[in-house]
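# Structure at a glance
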Amino acid sequence: MVKVSVFIGTSLDGYIARENGGIDWLDDANKKVTPGEDFGFKSFLESVDQIIMGRKTFEQVITFDNWPYNNAKMIVLTSKNIEIPEKLKETVTTSDSSSPKQLIKELSNQSINHIYADGGKVIQDFLSAGLVDEITVTIVPIIIGKGKSFSRLLSKDLSLQHLKTTAYDFGFVQNKYKIHK
């Protein structure tokens, strides 16, 4: 069976972005992070066979100075045509797959063992479909008051088993959970 993980950062009040999608608050907070600290992301990414990302998140990430996903295979879920930068065409594809379960089934047949789901809508859809096995949330010490949540549209409660908490000297706190199915 394919393992699906979420690795996300949120404000203390649970938002991944402002209502307009902005992450300026996260950029500002990251200036306080000890140089070289990646919160275990590189190690996590090395365990991943496939990234499934939403279009809006992808369009934001391609504007970053550095592409954070190395050569990981990525599927961008979108119903619109999007331009994949030339340097990413070997690793990034698009899909308009209507069902997370169908997509997981297709990837299971391709010897994919670990999927990283990223982007607010994608995470919501995968959580709602009961497909996420583990979630790592890094809480940034800021309250932004309103914004976009990765879990706001869940149809039922999800029970979690705490696996690990890491507190950082600069105020970030990372929690890792297994989701009971």
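My aim in this report is to walk through the structure given alongside it, one point at a time. (Residues numbered from 1 in each chain as written. Predicted model: local features only at pLDDT ≥ 70, side-chain atom pairs only at ≥ 80, totals over all residues. Heavy atoms only, no water.)

## Points about the overall build of the protein chain
What the protein chain contains, in helices and strands, is five helices and eight strands. Reading the protein chain from its N end, one meets helices and strands in the order β-α-α-β-α-β-β-α-β-α-β-β-β. Taking 2.2 N^0.38 as the reference for a compact globule, 181 residues should give roughly 16 Å; the C-alpha atoms of the protein chain span a radius of gyration of 16 Å, in line with that estimate. Along the longest, intermediate and shortest principal axes, the C-alpha atoms of the protein chain span 45 × 40 × 30 Å. By residue count, 45% of the 181 residues in the protein chain fall in the buried class. A distance of 5 Å separates the average location of the 22 positive side-chain charges in the protein chain from that of its 22 negative side-chain charges. (Helix = DSSP H or I, 4+ residues; strand = E, 2+ residues; numbered from the N terminus. Rg over C-alpha atoms; globule rule 2.2 N^0.38 Å. Buried < 20%, exposed > 50% of the residue type's maximum accessible area, 1.4 Å probe, protein only. Lys, Arg positive; Asp, Glu negative; His and termini not counted. Charge placed at Lys NZ, Arg CZ, Asp CG, Glu CD.)

## Looking at empty space enclosed by the protein
Scanning the entire structure with this criterion turns up one cavity of 30 Å³ or more. Its boundaries defined by the atoms lining it, the largest cavity holds a volume of some 30 Å³. Around the largest cavity, the lining residues are Leu127, Ser128, Leu154, Ser155, Lys156 and Leu158. By residue class, the composition of the lining of the largest cavity is three nonpolar, two polar and one charged. (1 Å grid on protein atoms, 1.4 Å probe; cavity = no way out; pocket = protein on both sides within 12 Å on 5 of 7 lines; lining within 4 Å. Points joined across faces, edges and corners; volume = space filled by probe spheres on them. Nonpolar A, V, L, I, M, F, W, Y, C, P; charged D, E, K, R; others polar.)

## Let's talk about the packing of aromatic side chains
Given two aromatic rings, their pairing is described by the distance between the two centres and the angle made by the two planes. Per the counting criterion, the structure on display carries 14 aromatic pairs. Among the aromatic residues, ring-to-ring pairing joins Phe7, Phe41, Phe44, Phe58, Trp67, Tyr69 and Tyr116 into one connected group. (Phe/Tyr/Trp six-rings, centres within 6.5 Å; stacked < 30°, edge-to-face > 60°.)

## Concerning a positive patch on the surface
A surface patch of like charges, here positive, comprises Lys56, Lys80, Lys148 and Arg152. When you line up the elements, Lys80 lands in the loop between strand 3 (74-77) and strand 4 (92-95). (Patch = residues over 30% accessible without salt bridge, like charges linked within 9 Å, V, L, I, M, F, W, Y side chains within 5 Å. Areas by Shrake-Rupley, 256 points an atom, 1.4 Å probe, with all protein chains shown as cover. Salt bridge = Lys/Arg side-chain N within 4 Å of Asp/Glu carboxyl O.)

## Some thoughts on the sheet that holds strand 7 (residues 160-167)
Taken in spatial order, the eight strands make up an open sheet running 4-3-2-5-1-6-8-7, and their pairing is mixed. Whereas interior strands pair on both sides, the edge strands pair on one side only; in this sheet they are strand 4 and strand 7. The sheet shows a mean angle of 20 degrees between the axes of neighbouring strands, taken without regard to direction. Where strand 1 (residues 3-11) lies against strand 5 (residues 114-118), three bridges are found, and the strand directions are parallel. Of the residues in strand 5, the one forming a bridge with Val4 is Ile115. Each of strand 1, strand 2 (50-54), strand 3, strand 5 and strand 8 (173-179) is contacted by helix 5 (residues 120-128), which is oriented at about 125 degrees to strand 5, the strand it contacts most. (Pairing = 2+ DSSP bridges. Axes fitted to C-alpha atoms, helices over the stretch in contact; angles between N-to-C directions. Contact = heavy atoms within 4.5 Å.)

## As for the pattern of salt bridges
Using the criterion set out here, one finds nine salt bridges in the structure. Glu19 is paired through a salt bridge with Lys146; the nearest N and O atoms lie 3.9 Å apart. Of this pair, Glu19 sits in the loop between strand 1 and helix 1 (24-30) while Lys146 sits in the loop between strand 6 (134-140) and strand 7, and the two are 127 residues apart along the sequence. Among the residues examined, Glu19 registers a relative accessible area of 52% and is labelled exposed. One network of salt bridges, with partners in common, ties together Lys3, Glu134 and Lys176.

## Side note on helix 5
Buried within helix 5 are the following residues: Gly120, Val122, Ile123, Gln124, Phe126 and Leu127. Positive phi shows up at Gly130, right after helix 5, with a value of about 75 degrees.

## Brief notes about the layout of surface pockets
The computed volume of the second largest pocket comes to approximately 260 Å³. Forming the boundary of the second largest pocket are 18 residues, of which Phe7, Gly40, Thr136, Gln174 and Lys176 lie nearest the centre. Taken together, the elements giving at least two residues each to the lining of the second largest pocket come down to strand 1, helix 2 (41-46), strand 6, strand 7 and strand 8. The biggest single contributor to the lining of the second largest pocket is strand 1, with four residues.

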